[in-house]
Amino acid sequence: MNQSKPVKSLRIELRWSAVLAVVVLWALERGLPNRFRLFPYGFDFILFATVLIPMLAVGLTAGTTRWLRIERVTTWLFVGAVGSITLANLAVLIQEMLFGGGQLNAIELLASGIAIWVSNVVTFSLAFWHVDRGGPEARLNRLPIRADWFFPQEGVPDTVRPDWRPTFIDYLFLGFSTATAFSPTGAIPLSARAMLLMMLESSISLLTIAVIAARAINILGS
C-alpha cells in the first residue's frame, strides 16, 4: 500500500514532450498505406497505449513509485519492440528494393524511409532519456549515478541555472543529431553503452538515408 503513495520529496519531470513525440510517431505510422506500415494493423494501438498510459499516469498521480516503475518497464518494452520492428521493416524494404523487380516507386520508398527514420530517432531518444544517470527522476533529484553523456550546458555554470538537468527535449535533440550527423554534435558520450547506442542509431539512419532515400532520388531523376 505504501508503495503506491506519492513520494512528496521526489520531483517529477514533465512528460508532455515525450508523449508528443510518441503521438507524432503514431500518427505518422497510421498515415502510411497498409503495405508500408511499420506495425501490424491493430497491434499499434496496443503498443502505443502501453507506453503512453504509464507516462500520463505518472503526471496525473504526481509520480507514484508504482507508476514510475511501470513506466520504466513499459518504455523499455516499447523501445525493444519498436526497435526490432523498425530493423525488420528496414531489412524487408532493402530486400524488396534489391530483389523485388522495381515494384516500389520513389514515393513509396521515401514514405517508408521517412517513417523508419523518425521511428529510429524517437525510439533512441526514449532510450537515451531512460539510460542516462538512472532516468529522468534520478537526474532531476540529483541522485549520485554516473552520467552517460556530458552536455555543454553543464560546462558553462555562469550562463546556466545551477540546477539545470537534461530533459527529454535534450535527448530528442541528441537522437536527431545522431541520426543526422552520424556523430555527437553537442552531448559527449561518456560510457560504453552510450557509445554503442549512438553507433546503432547512426547505422540504422545511415542505411535508411543512403540506401532507401538515395535510391528513391535516383528513381525520381531517371
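Throughout what follows, the structure given in this document is the object of discussion. The structure presented is a predicted model; accordingly, all values stated were derived computationally and were not measured. (Residues numbered from 1 in each chain as written. Predicted model: local features only at pLDDT ≥ 70, side-chain atom pairs only at ≥ 80, totals over all residues. Heavy atoms only, no water.)

### Focus: the environment of Ala115
Structurally, Ala115 can be placed in helix α4 (residues 106-131). When the C-alpha atoms of Ala115 and Thr208 are compared, they prove to be 9.8 Å apart, with 93 residues separating the residues in sequence. (Helix = DSSP H or I, 4+ residues; strand = E, 2+ residues; numbered from the N terminus.)

### Let's talk about the packing of helix α1 (residues 16-30) against helix α2 (residues 43-60)
The interhelical angle for the contact between α1 and α2, taken along N-to-C directions, is 170°, at an axis separation of 10 Å. With respect to α2, the element α1 is oriented roughly antiparallel. Of the two elements, α1 crosses α2, and the hand of that crossing is left-handed. Packed against α1, whose contacting residues are Ala18, Val19, Val22, Val23, Leu25, Trp26, Glu29 and Arg30, the element α2 presents Asp44, Phe45, Phe48, Val51, Leu52, Met55 and Leu56 at the interface. (Axes fitted to C-alpha atoms, helices over the stretch in contact; angles between N-to-C directions. Parallel < 35°, antiparallel > 145°, perpendicular 65-115°, else oblique. Left-handed = near helix turned anticlockwise from the far one by under 90°. Contact = heavy atoms within 4.5 Å.)

### Points about the nonpolar core
Core analysis: the largest hydrophobic core is formed by 43 residues, its most contacted members being Val22, Met55, Phe78, Leu126, Phe128 and Trp149. For this core, the elements supplying multiple residues, two or more each, are α1, α2, α3 (65-99), α4, α6 (168-181) and α7 (192-221). Looking at which element gives the most residues to this core, the answer is α4, with twelve residues. (Core = buried A, V, L, I, M, F, W, Y, C linked by side-chain atoms within 4.5 Å. Buried < 20%, exposed > 50% of the residue type's maximum accessible area, 1.4 Å probe, protein only.)

### Observations regarding unusual backbone geometry
Most peptide bonds are trans, and most residues other than glycine sit at a negative phi. For Arg133, which is not glycine, the phi dihedral falls at a positive 55°. Residue placement: Arg133 occurs in the loop between α4 and α5 (136-140). Taking relative accessible area as the criterion, Arg133 reaches 9% and is therefore assigned buried. Look at Arg142: it is not a glycine, yet its phi comes out positive at around 60°. Along the chain, Arg142 turns up in the loop between α5 and β1 (149-150).

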